[in-house]
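Fold and contact review
Now for the letters of each chain:
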Amino acid sequence: MVSGPEQYTPGDQELPVQLTSMKEMLQWARSKSVWPLGYGLACCAIEMMASASAGQYDLARFGSEVFRSSPRQADLMIVAGTVSTKMAPRLRLLWEQMPEPKWVISMGQCANSGGEFYDSYYTVQGVDNIVPVDVYVPGCPPRPEALVEGILKLREKIAKQGLKIRGEEKVVAQRES
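Residues numbered from 1 in each chain as written. Predicted model: local features only at pLDDT ≥ 70, side-chain atom pairs only at ≥ 80, totals over all residues. Heavy atoms only, no water.

1. What about the overall build of the protein?
The number of helices and strands found in the protein is five helices and four strands. Going from N to C terminus, the protein has its helices and strands arranged as α-β-α-β-α-β-α-β-α. Expressed as a percentage of the 177 residues in the protein, the buried residues total 37%. The long-range share in the protein, meaning contacts at least 24 apart out of those at least 6 apart in sequence, stands at 74%. Counting only carbon and sulfur atoms, one obtains 56% of the accessible surface of the protein, whose full area is about 10,700 Å². (Helix = DSSP H or I, 4+ residues; strand = E, 2+ residues; numbered from the N terminus. Buried < 20%, exposed > 50% of the residue type's maximum accessible area, 1.4 Å probe, protein only. Contact = heavy atoms within 4.5 Å. Areas by Shrake-Rupley, 256 points an atom, 1.4 Å probe, with all protein chains shown as cover.)

Right under this line is the structure:
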């Protein structure tokens, strides 16, 4: 243990200190604080709201407890429910208004593949026809635990993606711990 600055040697810190690069710290922060934009369209939206507000699911421990009401403040769109052809252009517009980087979770069978309305002329056969989807959460309706697991899978994906710094040619991936 060091008692003064004269005894300090670079690289010899006490245990709770960890050294890292700025890129790795930014990538860690990006994966740990995903701010969702709730896009609830049908019965799956009730489960999405339950996972956001119920104490036993506690999305606050993942940094995703506050659902944003503006796409300009969110970096995750959770599409929960049946997407009709009339709603599809609005969904695309909201997705385009989100800042980069942005991610999408498709929640429920109706958002994933059309669900029980798969043969209907007014239902989009999967939200991935409109916006790129990163994580699919199955179920009809999916339990709040499934959404929490989907958010955790998205966090893993974000951490593995790496960080593109403006002006650099290659993507800097996070080190394996």
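Now that the structure has been shown, the text picks up again.
2. With respect to the pairing of strand E3 (residues 103–107)
The buried count for E3 comes to five of five residues, which makes it a mostly enclosed element. Judged by which residues are buried, E3 turns out to be covered on both faces: Trp103, Ile105 and Met107 on one side and Val104 and Ser106 on the other are all buried. Judged from the five bridges that link them, strand E2 (residues 76–80) and E3 form a sheet pairing that is parallel. Within E3, the residue paired with isoleucine 78 across the bridge is isoleucine 105. Tracing the backbone out of E2, into helix H3 (residues 88–97) and back to the parallel element E3 gives a crossover that is right-handed. (Pairing = 2+ DSSP bridges. Right-handed = clockwise from strand over helix to strand, strands pointing away.)

3. Topic: the pairing of E2
A large share of E2 lies buried, amounting to five of its five residues. Note: strand E1 (residues 36–40) against E2, five bridges, orientation parallel. Paired with tyrosine 39 across the bridge in E2 is valine 79.

4. Focus on the pattern of salt bridges
Per the stated rule, a full pass over the model turns up four salt bridges. A salt bridge links glutamate 100 to lysine 102; the shortest N-O distance between them is 3.7 Å. We classify lysine 102 as buried; its relative accessible area is 14%. (Salt bridge = Lys/Arg side-chain N within 4 Å of Asp/Glu carboxyl O.)

5. Details of the packing of aromatic side chains
With the rule as written, the count across this model stands at one aromatic pair. An angle of 80° between the planes, with centres 5.3 Å apart, marks the rings of tyrosine 121 and tyrosine 122 as edge-to-face. The class of tyrosine 121 is exposed, set by a relative accessible area of 76%. According to the relative accessible area criterion, tyrosine 122 is partly exposed, its value standing at 38%. When the ring centre of tryptophan 95 is taken as origin, the NZ or CZ atom of lysine 102, which lies over that ring, is 4.0 Å away. (Phe/Tyr/Trp six-rings, centres within 6.5 Å; stacked < 30°, edge-to-face > 60°. Lys NZ or Arg CZ within 6 Å of the ring centre and 35° of its normal.)

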